[in-house]
Amino acid sequence: MELFLIRHGQTDDNLKGYYTGRRPTGLNAEGNGQIRRTARELARFSIPDVVCSPLKRALQSARLLCDAWGVLGPVPDPDWTEMDFGDVSGLTYDELAKRLPEALQGWADDWFGYTLPGGENGEAMYARVERALHRLLTRPGNGRVAVVTHLGCIRFALSRLLSGGPGRFWDFAVGNGGYAHLRTEGREAELVRLVEEI
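Residues numbered from 1 in each chain as written. Predicted model: local features only at pLDDT ≥ 70, side-chain atom pairs only at ≥ 80, totals over all residues. Heavy atoms only, no water.

Asker: I'd love a proper account of the overall build of the protein chain, names of residues and values included.
Answerer: Summing up its helical and strand segments, the protein chain has seven helices and six strands in all. Counting helices and strands in the order they occur from the N terminus, the protein chain gives β-α-α-β-α-β-α-α-α-β-α-β-β. Compactness check: the protein chain gives a C-alpha radius of gyration of 16 Å against a globular reference of 16 Å for 198 residues, within 12% of the reference. Positive and negative side-chain charges in the protein chain, numbering 24 and 26 respectively, have mean positions lying 6 Å apart. (Helix = DSSP H or I, 4+ residues; strand = E, 2+ residues; numbered from the N terminus. Rg over C-alpha atoms; globule rule 2.2 N^0.38 Å. Lys, Arg positive; Asp, Glu negative; His and termini not counted. Charge placed at Lys NZ, Arg CZ, Asp CG, Glu CD.)

Asker: Please provide a residue-by-residue account of the environment of Asn-14, values included.
Answerer: Mapped onto the elements of the fold, Asn-14 is located in helix 1 (residues 12-16). Here the alpha-carbon distance between Asn-14 and Gly-33, two residues 19 residues apart in the chain, equals 15 Å. Every residue in contact with Asn-14, bar those within four places of it in the chain, is listed here: Arg-7, His-8, Gly-9 and Asn-176. (Contact = heavy atoms within 4.5 Å.)

Asker: Describe helix 5 (residues 101-109), with residues and values.
Answerer: Among all positions in helix 5, only Ala-103, Leu-104, Gly-106 and Trp-107 are buried. Looking straight down helix 5, one finds its buried side chains confined to an arc of 165°; they lie on one side. Across helix 5 from its buried face, at more than 90 degrees, point the exposed residues Glu-102, Ala-108 and Asp-109. Tucked into the core, helix 5 has its buried residues touching helix 4 (93-99). (Buried < 20%, exposed > 50% of the residue type's maximum accessible area, 1.4 Å probe, protein only. Arc of directions from axis to C-beta.)

Asker: Outline the packing of aromatic side chains, supporting the account with residue identities and numerical values.
Answerer: Applying the stated criterion to the full structure yields 13 aromatic pairs. Aromatic side chains Trp-111 and Trp-170 sit 5.5 Å apart centroid to centroid with 75° between the ring planes, which places their arrangement in the edge-to-face category. Of the two residues, Trp-111 is situated in the loop between helix 5 and helix 6 (122-137) and Trp-170 in the loop between helix 7 (151-163) and strand 5 (179-185); the sequence distance between them amounts to 59 residues. Residue Trp-170 is classed as exposed on the basis of its relative accessible area of 53%. Joined through ring pairs, the aromatic side chains of Trp-111, Phe-112, Tyr-126, Phe-156, Phe-169 and Trp-170 make up one cluster. (Phe/Tyr/Trp six-rings, centres within 6.5 Å; stacked < 30°, edge-to-face > 60°.)

Asker: Describe the packing of helix 2 (residues 29-42) against helix 3 (residues 56-69), and please don't skip the residues or the numbers.
Answerer: Interhelical geometry of helix 2 versus helix 3 gives an angle of 40° and a closest axis separation of 9 Å. In terms of orientation, helix 2 and helix 3 fall into the oblique class. Crossing of helix 2 over helix 3 shows right-handed handedness. Seen from helix 2, the contacting residues are Asn-32, Ile-35, Arg-36, Thr-38, Ala-39 and Leu-42; seen from helix 3, they are Ser-61, Leu-64, Leu-65, Ala-68 and Trp-69. Per-class residue counts for the contact of helix 2 with helix 3 are seven nonpolar, three polar and one charged. (Axes fitted to C-alpha atoms, helices over the stretch in contact; angles between N-to-C directions. Parallel < 35°, antiparallel > 145°, perpendicular 65-115°, else oblique. Left-handed = near helix turned anticlockwise from the far one by under 90°. Nonpolar A, V, L, I, M, F, W, Y, C, P; charged D, E, K, R; others polar.)

Function cannot be inferred from these measures alone, as they are strictly geometric.
This is how it looks when you write it as structure tokens:
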């Protein structure tokens, strides 16, 4: 199977440096342009299936890709949803440090296990991404599929596929509209290309 993990296009929240989480923010003009460039770059692969996070920014990005490629869909999968940042959603790092310093410290001490106030932790998010990957990798056929999702989901998916666990989460950077192209066979995965900026 060939898997394309694509980060949604830019939003105004991204520009402002917010922890967006589950906020219903859509693409801005630059985000639309990024996804159109990604669509052109990946058109040669004739990707027949597009799965996406149901959040607005990912769904808009996935629809742009489907329209460009003449593909029906996309198919939303809630397991590809961004982390629930809870009370941290809509804050910048500096605002988080001022308003919820204990949460910031807890998160810094244990980024994987600490549960954000009103949100979820990295362990829960990793479990969701692992389930979503399992469904994709065990489906019939050996074709190509694009997943339009969020940075945290892409980092967890790459870490799981390339190392078998969450430990390489911080090794990967993918900007808005960027993507990772992987080939998988059984339990083996190869990173063909990582495009950080589009």
